[in-house]
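The chain contents come next:
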Amino acid sequence: MIALLLPVMLLMVALIVDINQLIFTKIKLQNTVDACALSAAAVQAAGLNEIADLNSEMVREYNTLSRILESGTWRDRSQAMKACDFFYNGGSGVIDYIRRYQDQGNTYYASQADVVARYVKDQNFPESRLVVKKTGPLTNLNEIVKTVRFNYYTMPSDPEESPPVPTLRWKRPGTPRYADDRNGQYALPAYRMSSVPGVFVLPERVAKTAPTYVDYELFLPAGDYLLAGQIFGGFPALSAKAAAKPAGGHVYKGNPDYTAVLFK
């Protein structure tokens, strides 16, 4: 009986070992791709938190500019334009720097998320292959613009008939920084005739207009079973999927509370 049953028992032991290998490998594969997705989403969350924090700074700078422009009547339009250019001119203004940092973070953190995911895969399951199913920046950033109204004086037709009145001028207060008021306006009397309204249309903040998430699939090629491979056939190719996203914060509201959440 022992001679008859021993081969069957050995075959059952081999089957149990191989099934255990298959199940353990599948679990490890799924855990690894989950870790890849959560790690990458954590990097994305850091990027969105930076963009949201910069959004708060942009709103603060916009409000500062609005307060300066609306605080009095400017000597002429060019003086108001100087004040506006210091904050936003499409290149070197304070708000321009903030927008540039936001766009850089939007692409940088997206690329670093995939770098971190591949690192996690290499540390946990180096023989597997990670496929990135979503690429590109973290999101689309849409500028929300608002109108700033101000007044400036026109040239007098006859200086003798136009008494000196207080007028605002602008003097560049220094290089753009983010810790002080940077109020470069000053008032001097000047001959002016009448006040004329003017407007500037400026970006006040950005809005997130596309979902941010990572979507990965991890593949393990076919191989050999630990025992009795010739009887049970080759170890099958396996795959596992996971997706994660940053959640809890809000770019438009300037709320930098994003954290990584696994949702698939």
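Higher on the page you've got the structure.
Overview of the structure. These figures come from a predicted structure and were not determined experimentally.

**Points about the overall build of the protein**
Here is step 1 of the chain: A tally of regular secondary structure across the protein gives four helices and nine strands.
Here is step 2 of the chain: Scanning the protein from its N terminus toward the C terminus, one meets helices and strands in the order α-β-α-α-β-β-β-β-β-β-α-β-β.
Here is step 3 of the chain: Expected size for 264 residues packed as a compact globule is a radius of gyration near 18 Å; at 32 Å, the protein overshoots this value by more than 25%.
Here is step 4 of the chain: Each principal axis of the C-alpha distribution contributes one length, and for the protein these read about 130 × 25 × 20 Å.
Here is step 5 of the chain: Looking at the 264 residues of the protein, the share that counts as buried comes to 41%.

**Quick look at the nonpolar core**
Here is step 1 of the chain: By size, the foremost hydrophobic cluster in this structure holds 38 residues, and its most contacted members are L29, V214, Y216 and V251.
Here is step 2 of the chain: At the level of secondary structure, the elements contributing two or more residues to this core comprise helix 1 (2-69), helix 3 (94-124), strand 2 (129-132), strand 7 (214-220) and strand 8 (238-247).
Here is step 3 of the chain: With 13 residues, the single largest contributor to this core is helix 1.
Here is step 4 of the chain: V214 has contacts with A37, A40, A41, Q44, A242, A243 and A244, leaving out every residue within four places of it along the chain.
Here is step 5 of the chain: Of all hydrophobic cores here, the second largest spans 18 residues; its members include F86, V148, F150 and L202.

**Comments concerning the sheet that holds strand 7**
Here is step 1 of the chain: The strand order 2-7-8-9 describes an open sheet built from four strands, whose pairing is antiparallel. With one partner strand each, in any of the chains shown, strand 2 and strand 9 (259-262) form the two edges of the open sheet. The average angle at which neighbouring strand axes cross in this sheet is 30°, direction not considered.
Here is step 2 of the chain: Where strand 7 meets strand 8, seven bridges bridge the pair, whose relative direction is antiparallel. When the sheet's bridge partners are listed, Y216 is paired in strand 8 with A242.
Here is step 3 of the chain: The sheet contacts of helix 1 involve strand 7, strand 8 and strand 9, and relative to strand 8 the element is tilted by about 25°.
Here is step 4 of the chain: In the packing of helix 3 onto the sheet, the strands contacted are strand 2 and strand 7, and the crossing angle to strand 2 comes to about 160°.

**Considerations on the pattern of salt bridges**
Here is step 1 of the chain: Scanning all chains against the criterion turns up eight salt bridges.
Here is step 2 of the chain: Across the pair E204 and K146 runs a salt bridge, and its minimum N-O distance is 3.4 Å. Of this pair, E204 sits in strand 6 (residues 195-208) while K146 is found in strand 3 (residues 141-153), placing the two residues 58 residues apart along the sequence.
Here is step 3 of the chain: Residue K146 is classed as partly exposed on the basis of its relative accessible area, which comes to 36%.
Here is step 4 of the chain: Residues participating in the shared-partner salt-bridge network are R99, D103 and E143.

**Quick word on the packing of helix 1 against helix 3**
Axis angle and axis distance: for two packed helices, these are the angle between their axes and the distance between the axes, and together they describe the pair.
Here is step 1 of the chain: One can describe the packing of helix 1 onto helix 3 by two numbers: an axis separation of 8 Å at closest approach and a directional angle of 170°. On the basis of their axis angle, the class for helix 1 and helix 3 is roughly antiparallel.
Here is step 2 of the chain: For the contact of helix 1 with helix 3, the class distribution of residues is 18 nonpolar, nine polar and six charged.

Rules used throughout
Residues numbered from 1 in each chain as written. Predicted model: local features only at pLDDT ≥ 70, side-chain atom pairs only at ≥ 80, totals over all residues. Heavy atoms only, no water. Helix = DSSP H or I, 4+ residues; strand = E, 2+ residues; numbered from the N terminus. Rg over C-alpha atoms; globule rule 2.2 N^0.38 Å. Buried < 20%, exposed > 50% of the residue type's maximum accessible area, 1.4 Å probe, protein only. Core = buried A, V, L, I, M, F, W, Y, C linked by side-chain atoms within 4.5 Å. Contact = heavy atoms within 4.5 Å. Pairing = 2+ DSSP bridges. Axes fitted to C-alpha atoms, helices over the stretch in contact; angles between N-to-C directions. Salt bridge = Lys/Arg side-chain N within 4 Å of Asp/Glu carboxyl O. Parallel < 35°, antiparallel > 145°, perpendicular 65-115°, else oblique. Nonpolar A, V, L, I, M, F, W, Y, C, P; charged D, E, K, R; others polar.

From the geometry alone we can't say anything about function, so treat these as descriptive.
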